[in-house]
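# Structure assessment
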Amino acid sequence: MPKTFLILGTLNTVLCIALGAFGAHGLKRVLSADMLSVYHTGVQYHFYHAFGIIVIGLLLLHFPKSRLMPVSGWLMMAGIVLFSFSLYVLSITGMRGLGMITPFGGVSFLTAWLLLAYAIWKEK
């Protein structure tokens, strides 16, 4: 399981760099300043949680029997999809209805970090 999260985290980091560059260079002239800011927020949180997934992979090397750490990793992955990707699509398409999905991603992120803290505290 550590390898899965290390791979997911590193691939998400590559994706963040590509999406960030696309936003900075390809969308700069296409999107309004407000929508570019929304896109940037998606990249920023995507990046934080890509690193979070890597951290979980590393922690699982030390706590291989943890049942909660993998759940935290999957919640971070769900948060990336629900939060960051909804912001990417919202900013590019203007589909405001996607804004209803974004908070579920934020809750996934919060739950993932709280669960990770609890999992670390619980380990001996």
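Before any of the text, the structure's been laid out above.
In this text the structure is predicted, and so the values were computed from the model without any measurement. (Residues numbered from 1 in each chain as written. Predicted model: local features only at pLDDT ≥ 70, side-chain atom pairs only at ≥ 80, totals over all residues. Heavy atoms only, no water.)

### What about the overall build of the protein?
Helices and strands together make up the secondary structure of the protein, namely 4 helices and 0 strands. The order of helices and strands in the protein, counted from the N terminus, is α-α-α-α. Principal axes of the C-alpha set define a box for the protein whose edges measure 50 × 25 × 15 Å. Residue burial in the protein is summarised as follows: out of 124 residues, 40% are buried. In the protein, once contacts between residues fewer than 6 apart in sequence are set aside, the share between residues at least 24 apart is 76%. Put simply, the protein shows about 7300 Å² of open surface, and 74% of that area lies on carbon and sulfur atoms. (Helix = DSSP H or I, 4+ residues; strand = E, 2+ residues; numbered from the N terminus. Buried < 20%, exposed > 50% of the residue type's maximum accessible area, 1.4 Å probe, protein only. Contact = heavy atoms within 4.5 Å. Areas by Shrake-Rupley, 256 points an atom, 1.4 Å probe, with all protein chains shown as cover.)

### Describing the side chain of Ser84
By secondary structure assignment, the location of Ser84 is in helix H3 (residues 68-93). Residue class for Ser84 comes out buried when judged on its relative accessible area of 0%. A polar contact of 2.8 Å, which involves the side chain of Ser84, links it to the backbone oxygen of Gly42. Setting aside chain neighbours within four positions, we find Ser84 in contact with Gly42, Tyr45, His46 and Gly79. (Polar contact = N/O pair within 3.5 Å; in protein donor to acceptor, adjacent residues only side chain to side chain.)

### Observations regarding the packing of helix H2 (residues 33-62) against helix H4 (residues 102-122)
Axis separation between H2 and H4 bottoms out at 12 Å; the angle between their running directions is 25°. Overall, the two elements H2 and H4 adopt an arrangement that is roughly parallel. Relative to H4, H2 is oriented so that their crossing is left-handed. In this structure, H2 uses Tyr45, His49, Gly52, Ile56 and Leu59 to contact H4, whose residues at the interface are Phe109, Trp113, Leu116 and Ile120. Counted by class, the contact of H2 with H4 contains 7 nonpolar, 2 polar and no charged residues. (Axes fitted to C-alpha atoms, helices over the stretch in contact; angles between N-to-C directions. Parallel < 35°, antiparallel > 145°, perpendicular 65-115°, else oblique. Left-handed = near helix turned anticlockwise from the far one by under 90°. Nonpolar A, V, L, I, M, F, W, Y, C, P; charged D, E, K, R; others polar.)

### Let's talk about the packing of aromatic side chains
Taken as a whole, this structure holds 9 aromatic pairs when the rule is applied. Both rings, one in Tyr45 and one in Phe109, keep their centres 6.4 Å apart while their planes meet at 20°; by these two values the pair is stacked. In this pair, Tyr45 is assigned in helix H2 and Phe109 in helix H4, connecting sequence segments 64 residues apart. Between Tyr118 and Trp121 the ring centres are 5.8 Å apart and the planes differ by 40°, which places this aromatic pair in the tilted class. With a gap of 3 residues between them, Tyr118 and Trp121 both fall in helix H4, about one helical turn apart. A relative accessible area of 41% means that Tyr118 is categorised as partly exposed. Using a relative accessible area of 66% as the deciding quantity, one classes Trp121 as exposed. Members of the aromatic cluster, each reached through a chain of ring pairs, are Tyr45, Tyr48, Phe83 and Phe109. (Phe/Tyr/Trp six-rings, centres within 6.5 Å; stacked < 30°, edge-to-face > 60°.)

### Some details on the packing of H3 against H4
Where H3 contacts H4, the axes come no closer than 7 Å and their chain directions differ by 160°. The orientation of H3 relative to H4 falls into the category roughly antiparallel. The handedness of the crossing between H3 and H4 comes out as left-handed. In terms of residue class, the contact of H3 with H4 is built from 19 nonpolar, 8 polar and 1 charged.

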